Amino acid sequence: MANTKQKQKKGDVSMKLLLHVCCGPCACYPVKKLREAGIEPVGYFFNPNIHPYKEWETRLRTAQEFAAKVKMELAVDEHYRLRDFLRRALNAEETPTGRCAMCYAWRLEETAKFAAAHGFTAFTSTLFYSIYQQHELMQETAAALAKKCQVDFYYTDFRPGWQEGIDLSKELELYRQAYCGCIFSEEERYSKELRRERKRAAKERKRLAATEGTGNK
Ligand code: SF4
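Residues numbered from 1 in each chain as written. Predicted model: local features only at pLDDT ≥ 70, side-chain atom pairs only at ≥ 80, totals over all residues.

Let's shift gears to the overall build of the chain. Per the secondary structure count, the chain includes eight helices and five strands. In sequence order, the secondary structure elements of the chain are arranged as β-α-β-α-β-α-α-β-α-β-α-α-α. In terms of C-alpha radius of gyration, the chain reaches 19 Å, essentially the compact-globule figure of 17 Å for 217 residues. Over its C-alpha atoms, taken along the principal directions, the chain stretches across nearly 60 × 40 × 35 Å. (Helix = DSSP H or I, 4+ residues; strand = E, 2+ residues; numbered from the N terminus. Rg over C-alpha atoms; globule rule 2.2 N^0.38 Å.)

With parallel pairing, the five strands of this open sheet are ordered in space as β3-β2-β1-β4-β5. One side of each edge strand has no neighbouring strand; the edge strands of this open sheet are β3 (74-76) and β5 (152-153). Direction of pairing for strand β4 (residues 122-125) relative to β5: parallel, over a ladder of two bridges. By the bridge assignment, Ala122 is partnered in β5 with Asp152. (Pairing = 2+ DSSP bridges.)

Let us now look at the domain arrangement of the chain. Here the chain is described as being made up of domain 1 (17-181) and domain 2 (183-217). Placing the centre of domain 1 and that of domain 2 at their C-alpha centroids yields a distance of 30 Å. Taken together, the contact pairs seven residues of domain 1 with five residues of domain 2. In terms of residue class, the side of domain 1 that touches domain 2 is made up of four nonpolar, two polar and one charged. (Domains from an automatic or database assignment. Contact = placed C-beta atoms within 7 Å. Nonpolar A, V, L, I, M, F, W, Y, C, P; charged D, E, K, R; others polar.)

To continue, consider unusual backbone geometry. Omega for the bond connecting His51 with Pro52 falls within 30 degrees of zero, at -10°, which places this linkage in the cis form. Among the secondary structure elements, Pro52 is positioned in the loop between β2 (42-45) and α2 (53-70). Phi at Lys71 takes a positive value of approximately 60°, unusual for a residue other than glycine. Residue position: Lys71 is located in the loop between α2 and β3. In this structure, Gln150 takes a positive phi of about 60° despite not being glycine. Its place among the elements puts Gln150 in the loop between α5 (135-149) and β5.

The subject of this paragraph is the nonpolar core. In terms of nonpolar packing, the biggest core is built from 45 residues, with Val21, Ala63, Ala112, Ala115, Phe123 and Val151 touching the most fellow members. Elements with a contribution of two residues or more to this core: β1 (17-20), α1 (24-36), β2, α2, α4 (98-117), β4 and α5. In terms of residue count, α4 provides more of this core than any other element does, eight residues in total. In this view, Ala115 contacts Leu18, Phe120, Ala122, Phe123 and Val151; residues no more than four positions away in its chain are not counted. (Core = buried A, V, L, I, M, F, W, Y, C linked by C-beta atoms within 7 Å. Buried ≥ 20, exposed ≤ 12 C-beta atoms within 10 Å, placed from the backbone.)

With that out of the way, let us pick up α2. Taking 1.5 Å per residue as the helical rise, α2 with its 18 residues ought to reach 26 Å, and the 26 Å between its terminal C-alpha atoms agrees with that figure. Arg59, Leu60, Thr62, Ala63, Phe66 and Ala67 are the residues of α2 that are buried. Projected down its long axis, α2 shows its buried positions confined to an angular sector of 160°, all on one face. Facing away from the buried side of α2 by more than 90 degrees, the exposed set consists of Tyr53, Lys54, Arg61 and Ala68. Residues of α2 that are buried sit in contact with α1, β2 and β3. Following α2 by one or two positions, Lys71 adopts a phi angle in the positive range, close to 60°. (Expected span 1.5 Å × (residues − 1). Arc of directions from axis to C-beta.)

Shown next, in the form of structure tokens:
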């Protein structure tokens, strides 16, 4: 049953699709695109990666506001799991794929499980709209989870609608966040020191690569 192929044709409304919603603004374009394809998605909000609590609450309210405005059903996991996220994130920082891989896998797995448990044909996520996330990694992760949870993964690359999605979210007057979600991403967004450190590290990598290149000649 589980696969990543687009089995549904335009106008085929038989598919019951669960759409993981990371936030209201990121859902604007995917929902429009899916409806154009004849699919009426049901949204699912599960995002323990959003910190601090007030920010999570604001993004949840915005997702609900969006769902109400476009008349989309939205299921919500209201259990805020800050400590669980931090434990997983700090452990994942030490692994080669890092914290974002853990974050994608956790959210996509909960979505796949929810879809399987509630009679959905398939699942997907608004994460496939973001031009900032590791798209191919998420795609592989979702495909593997589809197999594990015995539910289809309905893959669509929503990224071509990036600007259209931004425009739609502004028309709907939705709150637009300034960073990805976790406290680590908030630091990455605002810390000048961290940015300087990263620039230094990138420069050093370049220098080493150039030295190696010269040495090989
Ligand atoms: S940066 Fe974004 S994707 Fe990565 S762990 Fe933080 S919230 Fe998740």
